[in-house]
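Residue-level listing of the chains:
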Amino acid sequence: MASILDEYEDSQITRNLAQQNRMSAANIIGITHSGFVNVRLEEEKPIFNKQRIDFSPPEKINHFVVCNNQLCMSLGKDALLRIDLGKPDQPNQIELGRKDDSKVHKLFLDSTGSHLVISLTTNECVYLNRNTQKVRSLSRWRGHLIESVGWNKLLGTETNTGPILVGTSQGIIFEAEISASEGTLFNTNPDQYFRQVHSLEEDGNPAPVCCLEVERGVESKYYIIATTRKRLFQFVGRLVEGTEQQGLSSVFAQNQDLLPSFQEFPVNMGYSEIAFYTSKLRSCPKSFAWMMGNGVLYGQLDYVRPDSLLSDVQVWEYTPDIDFNLNKPISIVLTQFHFLLLLPDRVKAICTLNGQVVYEDVFPDKFGTLKKMIKDPVGGLVWLYTEKAVFRYHIQKESRDVWQMYMNMNKFDLAKEYCRDRPECIDMVLAKEAEHCFQNKRYLESAKCYALTQNYFEEIALKFIEAKQEEALKEFLLKKLNNLKSTEKTQITLLVTWLTELYLNRLGQLELDNAKIAFFQETREEFRNFLGNTRFKECFFNNRSTIYDLLASHGNVEDMVYFSVIMQDYERVISHYCQHDDYSAALEVLSKHCDEKLFYKFSPVLMQHIPKEVVDAWIQMGNRLDPKKLIPALVNYSQIGSTQQTETIRYMEFCVYQLNVKEEAIHNYLLSLYAKSKPDSLLWYLEQAGTHASEIHYDLKYALRLCAEHGNLQACVLVYKIMELYEEAVDLALQVDVDLAKSCADLPEDDEELRKKLWLKIARHVVQEEKDVKKAMNCLSSCNLLKIEDILPFFPDFVTIDHFKEAIIISLDEYNQHIEELKHEMEEATESAKRIREDIQEMRNKYGVVESQEKCATCDFPLLNRPFYLFLCGHMFHHDCLFQEVIPHLSALKQSKLEELQKKLTGTTQTTKSRHRPKEDDTVSLGKGQGSREQLKSDIDDIIASECAYCGELMIKSIDKPFIDPEKFEEEMSSWL
């Protein structure tokens, strides 16, 4: 177990190294103008964190391997200790059982941690499976000192290794297979076969195979890497799909005709070691590091290249403090960005990106000489040991400072990839990239990067201005604008205005150069896309006056029109077109955007030049336009010519007949147009507009005056008829046509006196003006109100009776017939009066008998207790019961009259009950009052008892009324609950 002093010493070394790293990082980065402040709440842990394992071996540790959390170590001469790191408290010690002087030369453990091959110094090998306690001899391997094993990661299982490669100290490569099963009766050995497939040489002599690695690439291509002391060999070959189990010998066979590809270095330190880095389990290694005499060869593995697997190869030469006579490198381990080099007394970590030593850990002499360093490819931990102790390195956040190195190497994309979760670092990378691009005169790329940084806006802008790079400045401003939030309105306004000025300057420059027409069009399209950007629409709208001023100052009329359309400032667009006499374009904008106010404003101007098109546009707008507001445009220009009046009439007719406009002004204006231009249409319009004043939508008086001014008498007659001024209509019609006057004379159907008067006018006109007796006689036949004696005064004295003899005879016959009818009616009336008198006499003598047990039909109480009514139908009612039954069915007028009669009756009753003795004059007034009282009772009876409440019309009329008054329904319903 490590002592307190040991732990203190380790922590001091770690702290000093961490401080050195932080100081170096600060020197590399420097101070920037970034807007980020890097505050760390706790001290950052170092990348390589060493931990001594609480383990005291009973004997010296000779060899040590670990893979897949399975740890195996050779102790002393004959002991093997196995520890499952998942269960470290259950170690398993096994005796090898070797009685000779053989010692363990090397241990080889596969990637699953299941198969352990133990190479002995006596040129023998034994095998131990994880699931067994028995060590088994590999008899076919006898006679060879095994230096390396290339495990088959693809086909290896817990019970079988699959085809593997074995390298010996004599440079021979064998192919073998080991099975953990007990075998058969005739073959109990675990090694299935052991055959030579290749041999390696150095300078014409056999060389030990220090390392072997087998990897499978794409398309069934296999790669075998083998190293000797000075050489690194590559073998590449394909295996047919499904033949992998047959072995790897065919890979070497495919390279027999060619010399194997290898790299050689002059210095030989007696051994070499290669390490690989795999990012994910069961994936191909991505990089390698080969420790040899001249240094460390490291690089990437490219499985696509046909000629060589190695790419981006570099050599890290040993530092001067590494002396082969004193402290030769012992072992090497490769991580993602570092390789760890094990020396006898220390561990060095070298960054593969810049070749700098970033970590050095010196071990005290008390632990002894460091012997080996191993990395578990599955767990990722690095192990190293001495004869007395075991140590472990945790690698934490290895890529934390990689971005700085990539940044200093100008590999900015990789730098950003490794600091994407650290905005302050990304800002520094972007600033460095922007500066690098600026120095190399890649201004556009520099602008894009600067826009993403937090550097001072003013400094960057001035930088591009001083370099006279307007395009880069524009790109910078655009990127900055796109990165702003919508709440940063002031900054957005500033950038939008500035960019507009830059665009306009650029367009002005390009417009003058005829050789750059295409570029000019492209820039204009870009500028218009900028103006139409919906994200900044609010900013453009709020500052549109400024943008208009900028556009106007540059004389850029086309883009100003385009901007006006985007801002929906169509008034400005239409004004522009009208000022340039492009009325069709102005109307097109109007029609496209359908703004009623703009129609009202610009219609007078447009009607003056393109009336037909304007009217078509109005008609297309339909009822969205108010025709009244268009009348000024029509009236102001109606005197230009007949064409204009025709288009005006066309639109007015559309309003009246299609839109059914009822506005009086519209109809009056249409009347005036008809009166002036189309008299025939005027009469037709008046006829179809209606014959009653309620149906008319024009002003009758205005129409009458208009028709009179233009001498359209027939239209005047029609208007008089509608106004029911029949005398005026007949007088005016007689000036036109007698038949027209006759049609007017028959109109007042309810006023016979007026009709007769009108027909007399017609007759007088016919007799006196036309002197046509025959027509006068026709008037008698057309109107039954006229008699021959009515028109005789109109005839002159010299007219003979022969012309109207027949009419006089007919008139006399009608008089005789009428007298006979009157006599017949008088006789019928006399007979009816006689019958009525007899009925009255009979009714006076009629009576009814009421029994004592009779009851009221309404309340079912005895009838004789109170005043009552008896009806011919047999129903009997108390006086008050009949009142209650009949009053709800009376009309409001009768109810008020009944109430008034009851009040009067009450007043007369109080008078008769006066206690004062009546005087002589009072006697007379009392008699009058008595008669008045009887009359009141009679009037009340006429209202209440005129018919039986159950048999009369009241009951029939109430059949559709509900039993309960709707207003009292809720009250009635609540009384039942």
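The notes below deal with the structure included here.

Rules used in this analysis
Residues numbered from 1 in each chain as written. Predicted model: local features only at pLDDT ≥ 70, side-chain atom pairs only at ≥ 80, totals over all residues. Heavy atoms only, no water. Helix = DSSP H or I, 4+ residues; strand = E, 2+ residues; numbered from the N terminus. Buried < 20%, exposed > 50% of the residue type's maximum accessible area, 1.4 Å probe, protein only. Phe/Tyr/Trp six-rings, centres within 6.5 Å; stacked < 30°, edge-to-face > 60°. Lys NZ or Arg CZ within 6 Å of the ring centre and 35° of its normal. Contact = heavy atoms within 4.5 Å. Core = buried A, V, L, I, M, F, W, Y, C linked by side-chain atoms within 4.5 Å. Pairing = 2+ DSSP bridges. Axes fitted to C-alpha atoms, helices over the stretch in contact; angles between N-to-C directions. Parallel < 35°, antiparallel > 145°, perpendicular 65-115°, else oblique. Nonpolar A, V, L, I, M, F, W, Y, C, P; charged D, E, K, R; others polar.

Take the overall build of the protein chain next. The helix and strand tally for the protein chain stands at 34 helices and 32 strands. Taken over 977 residues, the protein chain has a buried fraction of 43%.

A separate point is the packing of aromatic side chains. The final tally for this structure, using the stated rule, is 35 aromatic pairs. An angle of 85° between the planes, with centres 6.1 Å apart, marks the rings of Y450 and F464 as edge-to-face. Highlighted residues: Y450 in helix α6 (residues 443-451) and F464 in helix α7 (residues 457-466), separated in sequence by 14 residues. The burial state of Y450 is the same as that of F464; both residues are buried. An angle of 65° between the planes, with centres 5.7 Å apart, marks the rings of Y657 and W684 as edge-to-face. Residue Y657 is located in helix α19 (residues 642-658), and its partner W684 is located in helix α21 (residues 679-689); the two are separated by 27 residues in the primary sequence. Among the residues examined, Y657 registers a relative accessible area of 27% and is labelled partly exposed. The class of W684 is partly exposed, set by a relative accessible area of 47%. An aromatic cluster of three or more residues is present, and its members are F438, Y443, Y450, F457, F464, F476 and W498. The ring of Y562 carries the charged tip of R528 above its face, separated from the ring centre by 4.8 Å.

Relative to the elements of secondary structure, C539 occurs in helix α11 (residues 537-542). Classification of C539 by relative accessible area gives buried; the value is 11%. Residues C539 and L494, 45 residues apart in the sequence, show an inter-C-alpha distance of 9.9 Å. Excluding residues that lie within four positions of it along the chain, C539 makes contacts with I492, T493 and V496.

Soluble globular proteins: nonpolar side chains tend toward being buried together. Judged by nonpolar contacts, the single largest core of 62 residues is most densely connected at L606, W618, Y651, M652, L686 and Y698. Excluding residues that lie within four positions of it along the chain, L606 makes contacts with C578, Y583, A586, L587, L590, P611 and V614. Counting residues in hydrophobic clusters, the runner-up holds 41 residues, among them L477, L502, Y503 and F563.

With antiparallel pairing, the four strands of this open sheet are ordered in space as β6-β7-β8-β9. The open sheet has two free edges, formed respectively by β6 (104-109) and β9 (136-137), since each of these has just one partner strand. Across five bridges, strand β7 (residues 115-120) lies against strand β8 (residues 125-129) in antiparallel orientation. Paired with I118 across the two strands is V126, which belongs to β8.

A few words on the environment of E511. With respect to the helices and strands, E511 occurs in helix α9 (residues 489-511). For the pair formed by E511 and Q521, sequence separation is 10 residues and the distance between their alpha carbons is 9.2 Å.

Where helix α14 (residues 570-579) meets helix α16 (residues 596-609), the closest approach of the two axes is 11 Å, and the angle between their N-to-C directions is 5°. Here α14 lies roughly parallel to α16, going by the angle between them. Between α14 and α16, the residues in contact are Y570, E571, I574, S575 and C578 and L598, K601, F602 and L606, respectively. In terms of residue class, the contact of α14 with α16 is made up of six nonpolar, one polar and two charged.

Right, let's get into the pairing of strand β10 (residues 146-150). Looking along a regular strand, one sees side chains alternate from face to face of the sheet. When you tally the buried positions in β10, you get five out of five residues, the bulk of the element. Sheet analysis places β10 next to strand β11 (residues 164-168), joined by four bridges and oriented antiparallel. Looking at β11, one finds that V149 is bridged to V166.

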